[in-house]
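Below are the chains, spelled out letter by letter.
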Amino acid sequence: MTTDPAAIAAARQVLAHLGVTLTDLQSHPATPSVMPTVAEYLPRVIAAAGPGARRTYGTYWERMAAAWPERPVDTVTASDVEALKQAMITSAVSRRNSRNGRHAGEHLIAAARAFFRCAIADGLIDAAASPAHRVAKPRRLPGTRRALTAHELEEINAIARTSGNDVILDALLLRLHTETAGRRGGALALRLVDLDATNGLVRLTEKGSTIRWQPITLDLAGHLREHAAARGAVLPTDPLLRARNGQPITSRRYDHLWQRLGERLPWVAVHGISTHWLRHTTLTWVERHFGYGIARAYAGHTDSPGSSTTTYIKADLHDVANALSAMTGQPHPLARVADHAGTWSQVNHVASPTSE
């Protein structure tokens, strides 16, 4: 290929302007970029991850760094990831709800894919070179959760109200999750400003940073307001749900609650019943009585997988309030239907929390 004399002349002018000679360039060659090792690159991945990803993938990222501490990021192969996946499956702790390590294997692959997506974004490897994306995730098995029966729900609430060191708080938690079908994280994130006791609403912030106003009965709203005031919530940003000492509750309160329920109700422990089962219970009832569209809105699902029909069956806040009113037998300010008394026997067994 013939060199363009004009290009050479232009390059010489630039070098002269910079005070650089050809000898300088030859004596100071460009320093090649150094590929970081997995252990060196991991802090950058963690810093770029959100709190949810750090909580879910943190343990698996640490295992990757321990397995390949000195390996440059671009030298990890698909067989390396597969071998680590199998090791995670084999060493997974056996629990009541475990699936022979399948969840551990699935999370390892997801964590590795998140790690190498960062490497791709940073230009360390090509998009087609990610070893984690060449390894198949273990197929997710159907879940074992189901809707609780009226008798089961009654038993759970009865034990929660008659045992433990804070029956008022436990009764509030169970009723809150039964009425809203909310996730545990949404309840833990509630602040005083997220309670609209006048209109019977709570603002839930849940997975994926989704935010929605969810109808609750005025009775529950009043109890939540009294609870917050009695336990020291003053500022709008103060956490709403608090222990008897005034400190905001954490996820450990839920763990202790279900552990206690499992000790007194063996079937709770055998089936691994948790707060999420209340979500299944409520949403199943709403779907059976009000249809898929309203159940979808009640659940706070905003994604749109599957058929485009979901575009045309969107429910609004009033529809959700209607379902809540029918479910609890209590009127709601936002409900379009005035009287739904006695429609759902399950919630009739969920007694109102005692005043503080």
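Let me begin by describing the structure that accompanies this report. (Residues numbered from 1 in each chain as written. Predicted model: local features only at pLDDT ≥ 70, side-chain atom pairs only at ≥ 80, totals over all residues. Heavy atoms only, no water.)

**Quick look at the sheet that holds strand β2 (residues 201-206)**
Part 1 of the reasoning: Pairing is antiparallel in the open sheet, where 3 strands are placed in the order β1-β2-β3. Two strands bound the open sheet, and with one partner strand each, they are β1 (195-196) and β3 (210-215).
Part 2 of the reasoning: As paired elements, β2 and β3 share 6 bridges and run antiparallel to each other. Each bridged residue has a counterpart across the sheet, and for Glu206 the counterpart in β3 is Thr210. (Pairing = 2+ DSSP bridges. Helix = DSSP H or I, 4+ residues; strand = E, 2+ residues; numbered from the N terminus.)

**Some words on helix α1 (residues 5-18)**
Part 1 of the reasoning: A rise of 1.5 Å per residue sets the reference length of α1, with its 14 residues, at 20 Å; its end C-alpha atoms lie 20 Å apart and thus fit the reference within 8%.
Part 2 of the reasoning: The positive-phi residue at the C-terminal boundary of α1 is Gly19, with phi of around 75°. (Expected span 1.5 Å × (residues − 1).)

**Considering the nonpolar core**
As a rule of thumb, soluble globular proteins bury nonpolar side chains together.
Part 1 of the reasoning: Ranked by size, the top nonpolar core spans 29 residues in total, and within it Trp61, Met64, Trp68, Val81, Leu108, Phe115 and Phe116 carry the most contacts.
Part 2 of the reasoning: Elements represented by at least two residues in this core include exactly α3 (38-48), α4 (51-67), α5 (78-91) and α6 (102-121).
Part 3 of the reasoning: It is α6 that contributes the most residues to this core, 10 residues altogether.
Part 4 of the reasoning: For Trp61, the contacting residues outside a window of four places in its chain are Leu42, Val45, Ile46, Ala49, Ala53, Arg54, Ala111, Ala114 and Phe115.
Part 5 of the reasoning: In this structure, Leu172, Leu176, Ile216 and Ile249 belong to the second largest nonpolar core, which totals 20 residues. (Core = buried A, V, L, I, M, F, W, Y, C linked by side-chain atoms within 4.5 Å. Buried < 20%, exposed > 50% of the residue type's maximum accessible area, 1.4 Å probe, protein only. Contact = heavy atoms within 4.5 Å.)

**Comments concerning the pairing of β2**
Part 1 of the reasoning: In this structure, β1 lies alongside β2, joined through 2 bridges in antiparallel fashion. Each residue of the ladder has a partner; that of Leu195, found in β2, is Val202.
Part 2 of the reasoning: Two successive antiparallel strands, β1 and β2, enclose a turn made up of 4 residues, where Gly200 displays a positive phi of approximately 65°.
Part 3 of the reasoning: Hairpin connection, β2 to β3: the antiparallel pair is bridged by 3 residues, and Gly208 has positive phi, about 75°.

**Overview of unusual backbone geometry**
Part 1 of the reasoning: One non-glycine residue with positive phi stands out, namely Ala181, at about 60°.
Part 2 of the reasoning: The topology assignment puts Ala181 in the loop between α8 (167-180) and α9 (184-188).
Part 3 of the reasoning: Taking relative accessible area as the criterion, Ala181 reaches 0% and is therefore assigned buried.

**Structural notes on the packing of helix α13 (residues 275-290) against helix α15 (residues 317-328)**
Part 1 of the reasoning: Direction vectors running N to C along α13 and α15 enclose 105°, while the axes themselves pass 11 Å from each other. The angle between α13 and α15 falls in the class roughly perpendicular. The segment α13 lies against α15, with Thr282, Trp285, Val286 and Phe290 engaging Asn322, Ala323, Ala326 and Met327.
Part 2 of the reasoning: Residues of the contact of α13 with α15, tallied by class, amount to 6 nonpolar, 2 polar and no charged. (Axes fitted to C-alpha atoms, helices over the stretch in contact; angles between N-to-C directions. Parallel < 35°, antiparallel > 145°, perpendicular 65-115°, else oblique. Nonpolar A, V, L, I, M, F, W, Y, C, P; charged D, E, K, R; others polar.)

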